[in-house]
Amino acid sequence: MSLALASSAIAGPVSYSGKGGKAVQPMAPVPTGCECFGPGFAVGAFGGGYLPDGDSEDDVLGGGVLAEYFFTPYIGVQGTYGIFATNSEHHEFDAALVLRYPITSLCIAPYAMVGGGYSVNSDDKGNYFVGGGIEARFEGLNCLGIFADGAYHFAADDGDEDYTIVRLGVKVPF
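Asker: Hey, could you go over the overall build of the protein for me, with residue numbers and the actual values?
Answerer: Scanning the protein from N- to C-terminus turns up 1 helix and 10 strands. Reading the protein from its N terminus to its C terminus gives the helix and strand order α-β-β-β-β-β-β-β-β-β-β. The burial tally for the protein puts 32% of its 174 residues in the buried class. At a minimum sequence separation of 6, the contacts of the protein that also span at least 24 residues come to 51%. When the accessible surface of the protein is totalled, it reaches about 10300 Å², and 65% of it is carbon and sulfur.

Asker: Explain the state of the cysteines residue by residue, including any values.
Answerer: Within this structure, the stated rule accounts for 2 disulfides. Shown here is the disulfide that connects Cys36 with Cys143, its sulfur atoms set 2.1 Å apart. Judged by the sign of its S-S torsion, about -70°, the bond between Cys36 and Cys143 is left-handed. On the criterion of sequence distance, the pair formed by Cys36 in the loop between β2 (23–24) and β3 (40–52) and Cys143 in the loop between β8 (124–138) and β9 (144–155) is long-range, its members being 107 residues apart. Each of the two residues, Cys36 as well as Cys143, counts as buried. The connectivity of the disulfide-linked cysteines in the protein, indexed sequentially, is 1-3, 2-4.

Asker: An account of the side chain of Glu68 is requested, with residue identities and associated values reported.
Answerer: Within the element layout of this structure, Glu68 appears in strand β4 (residues 60–70). A polar atom in the side chain of Glu68 sits 3.1 Å from the side chain of Lys171. Contacts of Glu68, omitting those with residues within four sequence positions, involve Gly40, Phe41, Ala42, Val77, Gln78, Glu135, Arg137 and Lys171.

Asker: Before we move on, could you go through the pairing of strand β5 (residues 75–84) and cite the residues and values that matter?
Answerer: Judged by which residues are buried, β5 turns out to be one-sided: Gly76, Gln78, Thr80, Gly82 and Phe84 face inward and are buried, whereas Ile75, Val77, Gly79, Tyr81 and Ile83, on the alternate face, are not. In the sheet, β4 pairs with β5 via 9 bridges, with the strands oriented antiparallel. For Gly63, the partnering residue across the bridge sits in β5 and is Ile83. What sits between β4 and β5 in their antiparallel hairpin is a turn of 4 residues. Note that β5 and strand β6 (residues 90–100) share 10 bridges and pair antiparallel. When the sheet's bridge partners are listed, Ile75 is paired in β6 with Leu99.

Asker: So what's going on with the pattern of salt bridges? Which residues, and what values?
Answerer: Pairs can form between side chains of opposite charge once their charged atoms are near each other. Applying the stated criterion across every chain, the model contains 4 salt bridges. With its nearest N and O atoms 3.1 Å apart, the salt bridge here joins Lys171 to Glu68. With Lys171 in strand β10 (residues 163–173) and Glu68 in strand β4, this residue pair connects regions lying 103 residues apart in the sequence. Each member of the pair, Lys171 together with Glu68, is buried.

Scoring rules and cut-offs
- Residues numbered from 1 in each chain as written.
- Predicted model: local features only at pLDDT ≥ 70, side-chain atom pairs only at ≥ 80, totals over all residues.
- Heavy atoms only, no water.
- Helix = DSSP H or I, 4+ residues; strand = E, 2+ residues; numbered from the N terminus.
- Buried < 20%, exposed > 50% of the residue type's maximum accessible area, 1.4 Å probe, protein only.
- Contact = heavy atoms within 4.5 Å.
- Areas by Shrake-Rupley, 256 points an atom, 1.4 Å probe, with all protein chains shown as cover.
- Disulfide = S-S within 2.5 Å.
- Polar contact = N/O pair within 3.5 Å; in protein donor to acceptor, adjacent residues only side chain to side chain.
- Pairing = 2+ DSSP bridges.
- Salt bridge = Lys/Arg side-chain N within 4 Å of Asp/Glu carboxyl O.

In short, shape yes, function no, at least from these values alone.
Written as structure tokens, this is what we have:
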């Protein structure tokens, strides 16, 4: 009897005798999560807000474009251009190192970014920044992504005003 039980455990698919004998197939493996956060290139567009620390300017809206490349699922670089509707249009050029942690079971990735930038308004100013956000990808839409983030920009010169930029946008991977 032990031999019969042991041999049935390794015999393959189970079939039942009787009318039509139905074979029961083994279950398919459970998916491990989305595959949208691999290495590669993506471009995007965003709308956002420019929020200065001081009273010299008001909070304003704007938008821009970005391009990014991830070397691994966790480490990438991003370049951004944004324009905001201040008194004389605030043009922001930023470059960042992005560290993300994909949660493939939910198809989301929280991330942190650090970098430097250059803004052109009525005068030219350098800055550096830190920030973070979250991105969600939709595997059924060719991994189209949506993201929301914010970054605090420190003025390189002591006399200039610090500011925050918040963004909400979409990304298309290639």
